[in-house]
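Structural overview
The residues making up each chain are set out below.
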Amino acid sequence: MLFHRCSYCQEEIAPPEETHDNSEQVSHGVCRSCLEKIMAGSGQPFAEFLDSLQQPVFVVDQNVRIKSANVAGQKIVKKNLEEIQDRLGGEVFECAEALLPGGCGNRQLCRCCVIRNAVMETYQDGQPRIKIPAYHELDLITGHQKVKFLISTEKVEDMIFLQIEEMSFE
């Protein structure tokens, strides 16, 4: 018989297998629990990983509340992480609707928000949305201005990566 055991804790990691010579043999591997302990702390820090991405990326929850953003994302909204963390996407991007009574996500037009809907749908079904056009009116210091976004969403565990592929003012 060939036994498969974790070389650290000796837990069985696969069912025994019949062998040709009837002798007992042990094949060592590493069980999932021990592997997690061994690998803990050996990965790239999350912020460093986000910053390695070239396109602006915002990490948002299912309600489009921003949890993190890479440097490129902070740059396009002209705000640092502390200014955008735990704020709704419409507030961060200065959507004209978000600044009205009720705020981001609670206005009549929010039901048609392509960004909000893409994030919520990706959260629900786990399917990415790729290069979806979205048009918004932003309330900037220079006044209201229409902007076109090309966005993509991807679910990673319980968060959504919202990537701004393109952004242009009309």
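The structure under discussion appears in the preceding block.
Residues numbered from 1 in each chain as written. Predicted model: local features only at pLDDT ≥ 70, side-chain atom pairs only at ≥ 80, totals over all residues. Heavy atoms only, no water.

1. Side note on the overall build of the protein
Scanning the protein for helices and strands turns up six helices and eight strands. In sequence order, the protein lays out its α and β elements as β-β-β-α-α-β-β-α-α-α-α-β-β-β. For 170 residues, the compact-globule formula gives about 15 Å, and the C-alpha radius of gyration of the protein, at 24 Å, lies well above that figure. Its C-alpha atoms give the protein principal-axis dimensions of roughly 80 × 30 × 25 Å. Expressed as a percentage of its 170 residues, the buried residues of the protein come to 34%. Within the protein, contacts between residues separated by at least 24 positions form 33% of all contacts whose residues are at least 6 apart in sequence. Total accessible area on the protein stands at roughly 10700 Å², and carbon and sulfur atoms take up 51% of it. (Helix = DSSP H or I, 4+ residues; strand = E, 2+ residues; numbered from the N terminus. Rg over C-alpha atoms; globule rule 2.2 N^0.38 Å. Buried < 20%, exposed > 50% of the residue type's maximum accessible area, 1.4 Å probe, protein only. Contact = heavy atoms within 4.5 Å. Areas by Shrake-Rupley, 256 points an atom, 1.4 Å probe, with all protein chains shown as cover.)

2. A look at the pattern of salt bridges
By the definition in use, this model includes seven salt bridges. Where arginine 107 meets glutamate 97, a salt bridge forms, and the shortest distance between an N and an O atom there is 3.1 Å. Here the residue arginine 107 occupies a position in the loop between α5 (89-93) and α6 (114-125), and glutamate 97 occupies one in the loop between α5 and α6, the gap between them amounting to ten residues. Exposure remark for arginine 107: the relative accessible area of 25% places this residue in the partly exposed category. In the salt-bridge network here, residues are joined through shared partners; they are Glu121, Asp125 and Arg129. (Salt bridge = Lys/Arg side-chain N within 4 Å of Asp/Glu carboxyl O.)

3. Quick notes on the sheet that holds strand β8 (residues 159-169)
Spatial strand order, β5-β4-β8-β7-β6: five strands in an open sheet with antiparallel pairing. Looking at which strands have only one partner, the edges of the open sheet turn out to be β5 (66-69) and β6 (129-140). Direction aside, the axes of adjacent strands within the sheet are offset by 35 degrees on average. Note that strand β4 (residues 57-60) and β8 share four bridges and pair antiparallel. Of the residues in β8, the one forming a bridge with valine 57 is glutamine 163. (Pairing = 2+ DSSP bridges. Axes fitted to C-alpha atoms, helices over the stretch in contact; angles between N-to-C directions.)

4. As for the nonpolar core
Counting residues in each nonpolar core, the largest one holds 21 residues, and the members touching the most others are Phe58, Ile84, Ile115, Phe149, Ile151 and Ile164. Mapped onto this core, the elements with two or more residues apiece are β4, β5, α5, α6, β6, β7 (143-156) and β8. Excluding residues within four positions of it along the chain, isoleucine 115 makes contact with Ala134, His136, Phe149, Ile151 and Leu162. (Core = buried A, V, L, I, M, F, W, Y, C linked by side-chain atoms within 4.5 Å.)

5. Digging into unusual backbone geometry
Positive phi outside glycine occurs at glutamate 94, with the angle close to 65 degrees. Within the element layout of this structure, glutamate 94 appears in the loop between α5 and α6. You can call glutamate 94 partly exposed: its relative accessible area is 25%. The phi angle at glutamate 157 is positive, at roughly 55 degrees, despite the residue not being glycine.

6. Looking at the sheet that holds strand β3 (residues 25-29)
Strand order in the open sheet made by the three strands is β2-β1-β3, with mixed pairing throughout. Single-partner strands in this sheet number two, and they are β2 (12-17) and β3. Strand-to-strand twist of the sheet, defined as the mean angle between neighbouring strand axes without regard to direction, takes the value 15 degrees. As judged from the three bridges shared by strand β1 (residues 2-6) and β2, these two strands associate in the antiparallel manner. Bridged to arginine 5 within β2 is glutamate 12.

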